[in-house]
Amino acid sequence: MEALLLGAGLLLGAYVLVYYNLVKAPPCGGIASLRGRTAVVTGANSGIGKMTALELARRGARVVLACRSRERGEAAAFDLRQESGNNEIIFMALDLASLASVRAFATAFLSSEPRLDILIHNAGISSCGRTHKPFNLLLRVNHIGPFLLTHLLLPRLKTCAPSRVVVVSSAAHRRGRLDFTRLDHPVVGWRQELRAYADSKLANVLFARELATQLEGTGVTCYAAHPGPVNSELFLRHVPGWLRPLLRPLAWLVLRAPRGGAQTPLYCALQEGIEPLSGRYFANCHVEEVPPAARDDRAAHRLWEASKRLAGLGPGEEAEPDEDPQPEDPGAPSSLSSPHPEEPTVSEPHPSPQSSPDLSKVTRRIQVKTEPEP
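Residues numbered from 1 in each chain as written. Predicted model: local features only at pLDDT ≥ 70, side-chain atom pairs only at ≥ 80, totals over all residues. Heavy atoms only, no water.

- The name given to the chain in an unreviewed UniProt entry is Dehydrogenase/reductase SDR family member 13, with Ailuropoda melanoleuca as the source organism.
- What UniProt records for the chain under Sequence similarities (unreviewed entry) is the sentence "Belongs to the short-chain dehydrogenases/reductases (SDR) family."
- The Subcellular location (unreviewed entry) field of the UniProt record for the chain holds the comment "Secreted". (UniProt positions renumbered as here; feature names shortened; annotations may be inferred.)

Written out as structure tokens, the structure reads:
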């Protein structure tokens, strides 16, 4: 009996150590009032994105929930208005798998919203599921879509500077290895999905790094944020149904709640004084060093140029006609064909006297960053 009690005590003590050192997230501080400011949060109808939007709304921001599902997005907007007491929460349709949808969202946003102070790229997928596309769906949703959206909204971010871009990444970036000869190849099988997910998270970190270089001096800063191990829909979405009842209790014990997962993205969006750390990777609300592959400036710039092609952005940073790329050659990045975009759905539109500005050219300034080895 004594041995049993001793074993139980050791297990409980080990769990407490794990919980407070790995699971429990530090609370976000930062700017207390966001009144008069506007934030866009992608994938904000559930999980980390919804908790992020809730905190921004509680601080008084006007929050745009950019989600794929109209039904779930409008339901989330209603819930958040009720919970936060802030009626300035709206839904706008955005499907990051469709470049036409991304452009349509940007057009609708720029024509209706006079401000953009915070852009949080939270939406992402960990698996292709049963969807079969002629391109790398994981890279499209997790990186190319956010890349294009950032470019299209940059004029408004610059106008409202100081402003911030937060890219939700993952510790999985440490396993990523980008192969630029197969960057947009379709992903087949779970092994390729695991690799493609890690690669897309590495792309997130490199994107934030290069974006910081491109935008130096504009007042727009950007950060890659790791939310930590989170018990969210992304974790269980592609787990076989028979396994979910077994994993749910374990996930509840050892993974963070979505509110905890939102703390580091919120820190990057709201914490004052971190502007000199633009382009860096944050975890548990502090800067964390990344492996050499994630701080390779040449790779970051190469990814930037490849992403421009895959997103349909020309040499002058102008968006091409509303099209989704189709592969030209098995070994080369895909080019574009031309379907027309559908009009995005907007709930509770907010009229603005401002019209959509032209896309400005982002001046390339190459800066070699020096950071200590991790």
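A closer look at the overall build of the chain
Reasoning step 1: Scanning the chain for helices and strands turns up 11 helices and 10 strands.
Reasoning step 2: Expressed as a percentage of its 374 residues, the buried residues of the chain come to 53%.
Reasoning step 3: A fraction of 79% describes how many contacts in the chain between residues 6 or more apart in sequence connect residues 24 or more apart. (Helix = DSSP H or I, 4+ residues; strand = E, 2+ residues; numbered from the N terminus. Buried < 20%, exposed > 50% of the residue type's maximum accessible area, 1.4 Å probe, protein only. Contact = heavy atoms within 4.5 Å.)

Some remarks on the nonpolar core
Reasoning step 1: Counting 61 residues, the largest nonpolar core has V40, F105, F109, L149, L153 and V165 as its most contacted members.
Reasoning step 2: Among the elements that make up this core, the one with the highest residue count is helix α5 (residues 137-159) (12 residues).
Reasoning step 3: Apart from residues no more than four positions distant in its own chain, L149 is found in contact with T42, L94, V102, F105, A106, L119 and H121.
Reasoning step 4: Listed in part, the 37 residues of the second largest apolar core include A76, I120, C268 and C285. (Core = buried A, V, L, I, M, F, W, Y, C linked by side-chain atoms within 4.5 Å.)

Focus on the environment of K158
Reasoning step 1: Secondary-structure assignment places K158 in helix α5.
Reasoning step 2: Given the relative accessible area of 25%, K158 is considered partly exposed.
Reasoning step 3: In sequence terms K158 and L116 are 42 residues apart; their C-alpha atoms lie 8.8 Å from each other.

What to know about the packing of α5 against helix α11 (residues 297-311)
Reasoning step 1: As a packed pair, α5 and α11 sit with axes 10 Å apart at the nearest point and diverge in direction by 85°. Relative to α11, the element α5 lies roughly perpendicular. Listed contacts from α11 to L139, H143, I144, F147, L148 and H151 of α5 are L303, W304, S307, K308, L310 and A311.
Reasoning step 2: For the contact of α5 with α11, the class distribution of residues is eight nonpolar, three polar and one charged. (Axes fitted to C-alpha atoms, helices over the stretch in contact; angles between N-to-C directions. Parallel < 35°, antiparallel > 145°, perpendicular 65-115°, else oblique. Nonpolar A, V, L, I, M, F, W, Y, C, P; charged D, E, K, R; others polar.)

Description of the environment of L153
Reasoning step 1: Assignment of secondary structure puts L153 in helix α5.
Reasoning step 2: On the basis of relative accessible area, L153 is assigned to the buried category, the value being 0%.
Reasoning step 3: It is 8.2 Å that separates the C-alpha atoms of L153 and L116, two residues lying 37 residues apart in sequence.
Reasoning step 4: What L153 contacts, discounting residues up to four positions off in sequence, is F105, A106, F109, L110, L116 and L119.

A short note on the pattern of salt bridges
Reasoning step 1: All chains considered together, the criterion is met by 13 salt bridges.
Reasoning step 2: The closest approach of N and O atoms between R164 and E275, which form a salt bridge, is 2.8 Å. Taken together, the residues R164 in strand β5 (residues 163-168) and E275 in the loop between α10 (263-270) and β7 (281-283) connect sequence positions 111 residues apart.
Reasoning step 3: On the basis of relative accessible area, R164 is assigned to the buried category, the value being 7%.
Reasoning step 4: Accessibility expressed as a relative area gives 37% for E275, which makes it partly exposed.
Reasoning step 5: Note that R174 is salt-bridged to E288, the shortest N-O span being 2.9 Å. Here R174 is found in the loop between β5 and α6 (190-214), whereas its partner E288 is found in the loop between β8 (286-287) and α11, with 114 residues between them in sequence.
Reasoning step 6: Relative accessible area serves as the criterion here: at 27%, E288 is assigned to the partly exposed category.
Reasoning step 7: The network of salt bridges with shared partners includes R62, E88 and E113. (Salt bridge = Lys/Arg side-chain N within 4 Å of Asp/Glu carboxyl O.)

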